[in-house]
Amino acid sequence: MRRRPYHSPVQPILGIDFGTTNTSAAWFDAQGKLKVAPVTDKSAVLPSVVWFPSADLTKCLVGQAAKTQLIDDQKHTVFGAKRFLGRRFNSEYVSKHRERFAFDLVEGEDGYTSVLIYGQTIPLVDVAGVVVRDIVMRAARAAGHPFTHCVMTVPAHASVRQREAVRKAAESAGLTVAAMVNEPTAAALFYANLRSPKQTVLIFDLGGGTFDATVMRVENRVVKVLATGGDAFLGGGNFDELLAESFAQQLEDKQGVSVRSNRTVMQRLGLAAEFAKIQLSRVESLDVRIPVVAQKASGGFIDFQHKLTREEMENIVTPLVERCVGACDDVLQRAGLKPSDIDELVLVGGQTRMPMIRKRLAHFPRLSSEKDLNPELGVAVGAAILGRNLRRTRSSGLNDVVAMPMSVMLVGGRTVEIIPGNTPVPCTKSILLEGLPPWSAPVPLLLFESLDQTSVDREIIGTVHISEEWRTRKDVVPSLELSVGQDFALTARLVAPGGMQTQLQIVDQRR
Ligand code: AMP
């Protein structure tokens, strides 16, 4: 996982926020003016949706044009790819969530999740690459020059493999990744750029697929992460899912039809739910109409019709909002702070446009306003600021942390944490490897990331193999050392007191 040395590029570094739902990009031009990649006349966000109209996979459409196909050609329209990017197909996460999508997810040659389009297997990294390439093209057209380097953002809880997949997606779009930054950290950079004095902020980032809560200290435009947390399984998509579920329940209660096992219908209900949810951020009630959702046993068609009020929706999604608030409390507690210690709660991510979220967070002294912080663009702009800093000074001006603790599973199944959560990067930590078995074959040790030691939902980083020479010398107890670089690149070494050491290859497999 070693990276090439980095040299400052001639052109500005493009900040790219490749999101579950939307993608955006920003940069500072030669005059130091902030620019965002235009998508339409009115918008700078590109829906992260790709439509493959035919078996010629090179001819695909991206963005709004693809999004309209979510109804008409569900099998060939890929959305929410980021949710599955860098995840093994046989992981619990993928088996739990893939049913929600009408397109076919399959196992790629490398064991990671791919999509099956017209009988061809496409790695999700390539689908992500198509979206990234599209936004880069739009940026280049507006800037009048090509971009060669970028800063990519990732959710704070992205695993090593997910980070790597995002990097590969950018590389497949022809870019060199100058840095990877956690989305909330990027949002804090944006915030720091606006306000600049010393402040303690809580970044509340609720996008389409993940929720991150991060407490940071901003001082002279330098950002220090005090604690980070959140929920990698909670985002706007879950709000849509709960609403869609309530629509399905109504169809069952009123019409006696069960649609839950029909992925196509559930996807339509989900899209209608998202549309209604977004409208209800503006209006108090709305007629939800979905024509021809199901067929009666007698043969007639059923339309779904329901007048949904904001209040009813809020009741349905309360448990999700409470999960967000609980995660905030947890992060504050870990930072040793109270809500009153937070100078500003910065709302990032499209889902924070829901008025209920603002209302529920009213116990914080101050919430960022939508006027000066566009919740959808803050992350890309933060990445652009980091890009500008990197190009000017070669230093990022930030202090990111490892969000997910990294651990090793020893022979016999015992797990030991090596790098605790919230450790500032770059960092190097080690543990003593005592009692290694005297087999003649190399001993495999599994490295993984997990927020919780007992969790089954582990993200496997890979395996390192301890060769025989390290196990046969009785006088030497080696240490396993893990280092995380500023760019989150991970390296592993074995070291012994006498100066003996060896670099370990982290193999992307379980054994
Ligand atoms: P992001 O990943 O930041 O682009 O956020 C996307 C999520 O925000 C999706 O789940 C959208 O449904 C949700 N979203 C966008 N606009 C609104 C809105 N006005 N009200 C509620 N949710 C919204």
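Residues numbered from 1 in each chain as written. Predicted model: local features only at pLDDT ≥ 70, side-chain atom pairs only at ≥ 80, totals over all residues. Heavy atoms only, no water.

> I tried to follow the site of the ligand on my own but got confused; where do I start?
Neighbouring residues of the ligand: 15 residues in total, closest Glu-274, Lys-277, Ser-281, Gly-350 and Gln-351. Taking Ser-281, its side chain carries an N or O atom lying 2.6 Å from a nitrogen atom of the ligand. Here an oxygen atom of the ligand and a backbone polar atom of Gln-351 are 3.0 Å apart. In isolation the ligand exposes 500 Å². Once the protein is present, 89% of that is buried. Among the secondary structure elements, those contributing two or more residues to the shell around the ligand are helix H7 (236-255) and helix H8 (263-279). Of the residues that make up the shell around the ligand, three or more belong to each of domain 1 (14-233 + 328-399) and domain 2 (236-315). (Near = heavy atom within 4 Å. Polar contact = N/O pair within 3.5 Å; in protein donor to acceptor, adjacent residues only side chain to side chain. Areas by Shrake-Rupley, 256 points an atom, 1.4 Å probe, with all protein chains shown as cover. Helix = DSSP H or I, 4+ residues; strand = E, 2+ residues; numbered from the N terminus. Domains from an automatic or database assignment.)

> Got a minute to help me understand the pattern of salt bridges in this structure?
A side chain with one charge may pair with a side chain of the opposite charge, provided their charged atoms come close. All chains considered together, the criterion is met by 22 salt bridges. For Arg-263, the salt bridge identified is with Asp-104, shortest N-O distance 3.4 Å. One end of the pair, Arg-263, is in helix H8; the other, Asp-104, is in strand S8 (residues 104-107), and 159 residues separate them in sequence. Arg-263 gets classed as partly exposed once you look at its relative accessible area, which sits at 25%. On the basis of relative accessible area, Asp-104 is assigned to the partly exposed category, the value being 22%. The residue Arg-310 makes a salt bridge to Glu-284 at a minimum N-O spacing of 3.3 Å. You can see Arg-310 sitting in helix H9 (residues 310-335) and its partner Glu-284 sitting in the loop between H8 and strand S16 (285-295), a full 26 residues away along the chain. Taking the relative accessible area as the measure of exposure, Arg-310 reaches 14% and is therefore buried. Counted as one network, the salt bridges with shared partners bring together Arg-88, Arg-161, Glu-164 and Asp-508. (Salt bridge = Lys/Arg side-chain N within 4 Å of Asp/Glu carboxyl O. Buried < 20%, exposed > 50% of the residue type's maximum accessible area, 1.4 Å probe, protein only.)

> How should the pairing of strand S11 (residues 149-154) be read in this particular structure?
Successive residues of a regular strand alternate their side chains across the two faces of the sheet. A large share of S11 lies buried, amounting to six of its six residues. The alternating pattern of S11 places His-149, Val-151 and Thr-153 and Cys-150, Met-152 and Val-154 on opposite faces, both of which are buried. The pairing of strand S1 (residues 14-18) with S11 spans three bridges and is classified as parallel. Following the sheet pairing, Gly-15 is matched in S11 by Val-151. Inspection of the sheet shows S11 paired to strand S12 (residues 176-182) by six bridges, in the parallel sense. Paired with Thr-153 across the strands is Val-181, a residue of S12. Remark: the S11/helix H5 (residues 160-172)/S12 crossover connection has right-handed handedness. (Pairing = 2+ DSSP bridges. Right-handed = clockwise from strand over helix to strand, strands pointing away.)

> What is the right way to look at the environment of Ala-403 in this model?
Relative to the elements of secondary structure, Ala-403 occurs in the loop between strand S20 (401-402) and strand S21 (406-409). Here the alpha-carbon distance between Ala-403 and Ser-261, two residues 142 residues apart in the chain, equals 36 Å.

> When you look at the sheet that holds strand S10 (residues 120-123) in this model, what are you seeing that I'm missing?
For sheets, the rule is that strands pair by backbone hydrogen bonds, running either parallel or antiparallel. Pairing is antiparallel in the open sheet, where three strands are placed in the order S8-S9-S10. Only two strands of the sheet have a single neighbouring strand rather than two, namely S8 and S10. Taking the axes of each pair of neighbouring strands and ignoring which way they run, one obtains an average angle of 45° across the sheet. By the bridge criterion, four bridges tie strand S9 (residues 113-117) to S10 in an arrangement that is antiparallel. Across the sheet, Val-115 pairs through a bridge with Ile-122, a residue of S10. Each of S8, S9 and S10 touches helix H4 (residues 124-143); the most contacted strand, S10, lies at about 65° to it. (Axes fitted to C-alpha atoms, helices over the stretch in contact; angles between N-to-C directions. Contact = heavy atoms within 4.5 Å.)

> Would you explain the environment of Ala-362 in this entry?
For Ala-362, the position within the fold is in the loop between helix H10 (355-360) and helix H11 (378-393). Classification of Ala-362 as exposed rests on a relative accessible area of 57%.

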